[in-house]
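Spelled out from the first residue to the last, the chains are:
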Amino acid sequence: MEISLIKKQLKTDRRVQTDVYNACCRRVYASCLRILNDPHEAEDFMQEAFIQAFDRIDSFRGDSRLASWICRIAINKCLDHLKKRKVPFDMDAEFEGGAENHHYEDEGSYDVDRIKRAMKDLPEGCRVVFSLHLFEDMDHKSISKHLGIKEASSRAQFARAKNRIIELVKETYV
Amino acid sequence: MSDLEKFIKKERDSFDEEPLPLGHENRFLMKTEKQKIENENRVRFWRVAAAITVLLLAGGSLLLPRFNSPVDVQYGSMALSDVSSDMANIELYYTSKLEEKYKGLQELSETNTEVKSLFYELTFLNEEYDNLERELYRSGTSDRVILAMIENFRLRLKIMEELEKIKNEQLSESS
């Protein structure tokens, strides 16, 4: 099927829109949830991203997966929202506990649910940087641009998040 | 890369397995419906705005020459004297000349074919002058129309002079 025909259908055909939504919503929702840590906000921004994507489908160049493109729109929306809320991405003080000063052994016994739970307990700035870098494949330069922080700060937040997750996962095993 | 990072990369898809809030699909459909209505309203708004703009432009193009015209011009035509004081002097010069010449031509016999033809031409030029006054109003005092009006005066004066010449010839013949 020609890309122009797909675009036309995505812009106007409710059935096609619903199919695409159902096929991609899980991935987009998970990305939003990792960033926002709030199921209602995550759903709102995910759905807004789909609506915007369908409305502006003409700007989709087809050089990436449709789901990835929609996901990127959703992530941008979430980050804008956090910036409006003035989330301190760059603040050293936000990290409680001091895991950044202690290097925890990375022993390799992990499971998905424990990591997910640990991520939810991270301070906002750390969690966002960790999610963007590890789950959305954004490098620190790109993260620093998006969040308006220094590249070094992004690296530091990531390292702290990683240490904290290892620490929290360990605690649940004890 | 740490073991944690390796593990996350390996299990990447499992991390997307999050239960979506109940009823999310219905809420999405409602939002798309709302968006559709908003888009339609937006299109309707721009259509109405475009129609109003066209009407305003059309109205403006009809009224603009009137606003550009001197204040005392209230009708669908304007005289040369409405354009400027110089034009008023020119108009006064030609109208007084034409009036003077016309008075002298009252007794001229119209049985002469040449005289008849010249009077036809005069009538035609008089009507044409009225048209030019209307065009001057519509054009917003166009130079082209002003020159045509002066030329009209000149032609009428020339015809009057020819008629005057014929009248003099007739008088000398009869005496």
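Since the model is a prediction, treat every value here as computed from it, not as a measurement.

### Section: the side chain of Gln17(A)
Of note, Gln17(A) is situated in helix H2 (residues 14–36). Sequence-distant contacts of Gln17(A), defined by excluding residues within four places in its chain, comprise Leu10(A), Lys11(A), Thr12(A), Phe54(A) and Thr32(B).

### Here's the deal with unusual backbone geometry
Residues and elements named next belong to chain A. Positive phi outside glycine occurs at Asn37, with the angle close to 65 degrees. By the element assignment, Asn37 lies in the loop between H2 and helix H3 (39–55). Even without being glycine, Asp137 reaches a positive phi, approximately 55 degrees.

### Observations concerning the interface of chain B and chain A
The partner chain A presents 38 residues to the 28 residues of chain B that form the contact. Contact between chain B and chain A buries roughly 3100 Å² in total, counting both sides, with carbon and sulfur atoms accounting for 61%. Where chain B touches chain A, the interface holds 7 salt bridges. Linking chain B with chain A are 17 residue pairs in polar contact (both at pLDDT 80 or more), by the criterion used here. By residue number, the principal contributor to the side of chain B that touches chain A is helix H2 (residues 24–68) of chain B, which donates 11 residues. The residue inventory of the side of chain B that touches chain A, partitioned by class, reads 9 nonpolar, 6 polar and 13 charged.

### Overview of the packing of helix H4 (residues 66–84) of chain A against helix H6 (residues 124–134) of chain A
Residue and element names in this part refer to chain A. Contact geometry for H4 and H6: axes closest at 13 Å, N-to-C directions at 160 degrees. By the angle class used here, H4 and H6 are roughly antiparallel. Crossing of H4 against H6: the hand is left-handed. The residues of H6 that touch H4, namely those facing Ile75, Leu79 and Leu82, are Glu124, Val128 and Leu132.

### Points about H2(A)
All names here are of chain A. Between its first and last C-alpha, H2 extends only 28 Å over 23 residues, short of the 33 Å set by a 1.5 Å rise per residue. Of all the bends in H2, the greatest measures close to 50 degrees and is centred on Cys24. A distance of 2.9 Å separates the backbone nitrogen of Arg15 from a side-chain oxygen at the start of H2, and that oxygen is part of Asp13. One or two positions beyond H2, positive phi appears at Asn37, with a value near 65 degrees.

The rules behind these values
- Residues numbered from 1 in each chain as written.
- Chains lettered and ligands numbered in written order.
- Predicted model: local features only at pLDDT ≥ 70, side-chain atom pairs only at ≥ 80, totals over all residues.
- Heavy atoms only, no water.
- Helix = DSSP H or I, 4+ residues; strand = E, 2+ residues; numbered from the N terminus.
- Contact = heavy atoms within 4.5 Å.
- Buried area = accessible area lost by both parts, 1.4 Å probe.
- Salt bridge = Lys/Arg side-chain N within 4 Å of Asp/Glu carboxyl O.
- Polar contact = N/O pair within 3.5 Å; in protein donor to acceptor, adjacent residues only side chain to side chain.
- Nonpolar A, V, L, I, M, F, W, Y, C, P; charged D, E, K, R; others polar.
- Axes fitted to C-alpha atoms, helices over the stretch in contact; angles between N-to-C directions.
- Parallel < 35°, antiparallel > 145°, perpendicular 65-115°, else oblique.
- Left-handed = near helix turned anticlockwise from the far one by under 90°.
- Expected span 1.5 Å × (residues − 1).
- Bend = angle between axes of the 7 residues up to and from the residue.

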